[in-house]
Amino acid sequence: MKNFVAGAVLFLIVVVGANSVFVVKETERAVMLQFGNIVDTDIPPGLHFKVPYVNSVRKFDARILTVDATPQRYLTLEQKALLVDSYAMWRITDVERFYTATSGDESRANALLAQRVNDGLRNKFGERDLQEVVSGQRDALMNELTTELNTYVANEYGIEVIDVRVKRIDLPDDVRSSVYERMTSERQREAQQLRSRGNELAIGIEADADRQEAVLLVEAYRDSERIRGDGDATAAAIYSAAYTQDPEFYSFTRSLNSYRDTFSSKSDVMLLDPESDYFKYLRSDEAL
């Protein structure tokens, strides 16, 4: 009997002792509750003691957490619809306020923060046009939204928003086809303009080439005629000089060339008076 009592007492001591100590890790934040009311906040990492069955401890992840917001449809300043997928990074800074606002439920905190992010993005997108939200002022927009969120969530939820980023911006399915069709028609119009400009340039180049060809042919003909005239003049001068030196020999040479050309073919027939001057160099009494 004594052994049973001793064992029961020892077991009770172990159970009470086990429920009297708790450990807070470096990556955790903790609060101590007494019958549901907070009695100690922001308990530092390490080994701590509590009153068993009177005090309870709630631990929360102190690392940076990420919440993925559901893709939402926003309108830009020019009333263009965009489908935006975003996320936010946050961490707990005030454990007591976080527990009071969310009952220590991390999923509830994610839902509340995601709603705030969506509302903030809707307002920021509505103040800017498509070019600004896509590239021009995107970083500035995210920084402004992060600052504005921190002024609210720090007091309401006891958390700090580290960063808000947009993962993807798409066109909604109901407007994507119309946008693509408009882009296609614009590209076709630009292509037609380029083709028309190319045809215009081609016609100009062909006309200039034809003009240059005509000019070259005229100039070549002019130069050839001038060269031919110069050659004829030179030949005439040579003939004249040779004729004046010995007219009879020149006449004789011309007659021989004429005979050779005239009687080169046996089938040729010519009827002439033998006493004509054409045959004077064939007659023995007038030959040289």
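Under an unreviewed UniProt entry, the name given to the protein chain is Band 7 domain-containing protein, and the source organism is marine sediment metagenome. What UniProt records for the protein chain under Subcellular location (unreviewed entry) is the sentence "Membrane". Within the UniProt record for the protein chain, the comment given under Sequence similarities (unreviewed entry) is "Belongs to the band 7/mec-2 family. HflC subfamily."

### Re the overall build of the protein chain
When helices and strands are tallied, the protein chain shows seven helices and nine strands. Across the protein chain, every contact between residues at least 6 apart in sequence was considered, and the portion connecting residues at least 24 apart equals 61%. Accessible area for the protein chain stands at about 19,600 Å²; split by element, carbon and sulfur atoms hold 55% of it.

### Structural notes on helix α2 (residues 95-102)
What α2 keeps buried is the set V95, F98, Y99 and T102. Buried positions in α2, seen along its axis, are confined to an arc of 95 degrees and lie on one side of it. With a side-chain oxygen lying 3.3 Å from the backbone nitrogen of E96, the N-terminal cap of α2 falls on D94. Positioned one or two residues after α2, S103 has a phi angle of 60 degrees, which is positive.

### Description of the nonpolar core
W90, L113, L121, F125, I159 and V164 are the most contacted members of the largest nonpolar core, which totals 32 residues. Of all the elements in the fold, those that place two or more residues in this core are β2 (28-34), β6 (65-68), β8 (81-92), α2, α3 (106-126), α5 (138-157) and β9 (159-170). Counting only domains with at least three residues in this core, you end up with domain 1 (12-61) and domain 2 (65-172).

### Focus: the pattern of salt bridges
Here the structure, examined in full by the defined rule, presents 19 salt bridges. In this structure, D85 engages K167 in a salt bridge whose closest nitrogen and oxygen atoms are separated by 3.7 Å. Taken together, the residues span a long stretch of sequence, with D85 in strand β8 and K167 in strand β9 at a distance of 82 residues. Residue classification places K167 among the partly exposed residues on the basis of a relative accessible area of 45%. R211 is paired through a salt bridge with D208; the nearest N and O atoms lie 2.8 Å apart. Taken together, the residues R211 and D208, both in helix α6 (residues 173-245) and three residues apart, mark about one turn of the helix. Using a relative accessible area of 49% as the deciding quantity, one classes R211 as partly exposed. Through salt bridges with shared partners, a single ionic network connects K124, E127, R128, E144 and E148.

### Things to note about the packing of α3 against α5
How two helices pack is summed up by the angle between their axes together with the distance between the axes. Two elements in contact, α3 and α5, have axes whose closest approach is 10 Å; the angle formed by their N-to-C orientations is 140 degrees. Viewed along their axes, α3 and α5 form a crossing whose handedness is right-handed. From α3, L112, L113, R116, V117, G120, L121, K124 and F125 reach across to α5, where they touch L141, M142, E144, L145, E148, L149, Y152, V153 and Y157. Class assignment of the residues belonging to the contact of α3 with α5 gives a composition of 12 nonpolar, one polar and four charged.

### Describing a nonpolar patch on the surface
Residues V21, V23, L47 and F49 make up a contiguous nonpolar surface patch of about 390 Å² in total accessible area. Broken down by secondary-structure element, the contributors of at least two residues to the nonpolar patch are β1 (21-24) and β4 (46-49). Within the secondary structure, F49 is located in strand β4.

Calculation notes
Residues numbered from 1 in each chain as written. Predicted model: local features only at pLDDT ≥ 70, side-chain atom pairs only at ≥ 80, totals over all residues. Heavy atoms only, no water. UniProt positions renumbered as here; feature names shortened; annotations may be inferred. Helix = DSSP H or I, 4+ residues; strand = E, 2+ residues; numbered from the N terminus. Contact = heavy atoms within 4.5 Å. Areas by Shrake-Rupley, 256 points an atom, 1.4 Å probe, with all protein chains shown as cover. Buried < 20%, exposed > 50% of the residue type's maximum accessible area, 1.4 Å probe, protein only. Arc of directions from axis to C-beta. Polar contact = N/O pair within 3.5 Å; in protein donor to acceptor, adjacent residues only side chain to side chain. Core = buried A, V, L, I, M, F, W, Y, C linked by side-chain atoms within 4.5 Å. Domains from an automatic or database assignment. Salt bridge = Lys/Arg side-chain N within 4 Å of Asp/Glu carboxyl O. Axes fitted to C-alpha atoms, helices over the stretch in contact; angles between N-to-C directions. Left-handed = near helix turned anticlockwise from the far one by under 90°. Nonpolar A, V, L, I, M, F, W, Y, C, P; charged D, E, K, R; others polar. Patch = residues over 30% accessible without salt bridge, like charges linked within 9 Å, V, L, I, M, F, W, Y side chains within 5 Å.

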